[in-house]
Amino acid sequence: MSDHHQLSRVNKYEKRRKTTKSISILVLIASILILTLIGKWIFGGSNDADTTTKDDQNISQGQFDNEENNNGNDVESSEANATIDEDDKDSDVEEEDEENQTEIEKEMIETSDANVMEAYTANWQPIGTEQSGPHTTQFKKDTQDWLEMERAIQVATGLSEDNMVTHFIGNGGEPNKVVGTVTSNDKTEIYRVYLTWVDEQGWQPTKVEQLREIR
């Protein structure tokens, strides 16, 4: 009885030892699997983050390059426009110079009027008109006819619009002929100008008298 009881205890102990060993192996395997998953999650996430960061950097760099190219195109466009504007200004100056040369090609006229310092004519052309239809001379300020008469006087005298005071514009003794008296702002220049209307072409200066005083 004693030997049988002792053998039973040995078997129970051996069986318990095997069970404990199996459990330990399973726990070890489970631990390894858990550590492996955690490692993949940590290092895999880091790689994804690096990839995302690199992609964002590439996109940002692409946007910067595009903006830089666009800015370069804008500068080139601005320079081209500035060149065109400068060419237009040069062309305008040349046209004004040609007009001024035409204006100063004048022919002196003798006069017996003591108030006239000098009188002259030139090869002025009609200044053009915005009016249409039969023409009727208007002596009312701010009408289109009045404005065009003042423009013709400016062409004949060389006075600018902001340096001319109109003292009188009236009938020149015949239909479609007028005479006007103007001065510079400081009244150091006094002119009497004769104009003739040319159908569909506007007012044409025909004679200028530089006066000593306004009468």
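Because the structure is a prediction, the values reported are computed rather than measured. (Residues numbered from 1 in each chain as written. Predicted model: local features only at pLDDT ≥ 70, side-chain atom pairs only at ≥ 80, totals over all residues. Heavy atoms only, no water.)

(A) Inspection of the overall build of the protein at higher detail. The secondary structure content of the protein amounts to two helices and six strands. Reading the protein from its N end, one meets helices and strands in the order α-β-β-α-β-β-β-β. Every one of the 215 residues in the protein was classed for burial, and the buried ones make up 22%. Sequence-distant contacts, at least 24 apart, represent 42% of the contacts inside the protein between residues at least 6 apart. (Helix = DSSP H or I, 4+ residues; strand = E, 2+ residues; numbered from the N terminus. Buried < 20%, exposed > 50% of the residue type's maximum accessible area, 1.4 Å probe, protein only. Contact = heavy atoms within 4.5 Å.)

(B) How the structure looks around the side chain of Glu148. Relative to the assigned elements, Glu148 resides in helix H2 (residues 144-157). No salt bridge is formed by the buried Glu148; its nearest oppositely charged neighbour, Arg151, is found at 10 Å. If we ignore the near neighbours within four places in the chain, the residues touching Glu148 are Ile127, Gly128, Thr129, Glu130, Gln131, Trp197 and Trp203. (Lys, Arg positive; Asp, Glu negative; His and termini not counted. Salt bridge = Lys/Arg side-chain N within 4 Å of Asp/Glu carboxyl O.)

(C) Summary view of the pairing of strand E3 (residues 165-171). Pairing of E3 with strand E4 (residues 177-183) involves six bridges; the strand directions are antiparallel. When the sheet's bridge partners are listed, Thr166 is paired in E4 with Val182. Linking two consecutive strands that pair antiparallel, namely E3 and E4, is a turn of five residues; a positive phi of about 100° is found at Gly173 within it. (Pairing = 2+ DSSP bridges.)

(D) Structural detail: the pairing of strand E5 (residues 190-198). Counting buried positions along E5 gives seven out of nine residues, so the element sits mostly inside the fold. Pairing of E4 with E5 involves seven bridges; the strand directions are antiparallel. Each bridged residue has a counterpart across the sheet, and for Gly180 the counterpart in E5 is Val193. Where E4 folds back on E5, the antiparallel hairpin that results is connected by six residues, among which Lys187 adopts a positive phi of roughly 65°. Connecting the antiparallel pair E5 and strand E6 (residues 202-211) is a turn made up of three residues, with Glu200 showing a positive phi of about 65°.

(E) The sheet that holds strand E1 (residues 106-109), seen in detail. The six strands lie next to each other as E1-E2-E6-E5-E4-E3, forming an open sheet whose pairing is antiparallel. Here the strands that pair on one side only, and so sit at the sheet edges, are E1 and E3. Ignoring strand direction, the axes of neighbouring strands in this sheet form an average angle of 25°. Sheet analysis places E1 next to strand E2 (residues 116-122), joined by four bridges and oriented antiparallel. Considered in E2, the bridge of Met108 is made with Tyr120. Docked against the sheet, H2 engages E2, E3, E4, E5 and E6, running at close to 120° with respect to E5. (Axes fitted to C-alpha atoms, helices over the stretch in contact; angles between N-to-C directions.)

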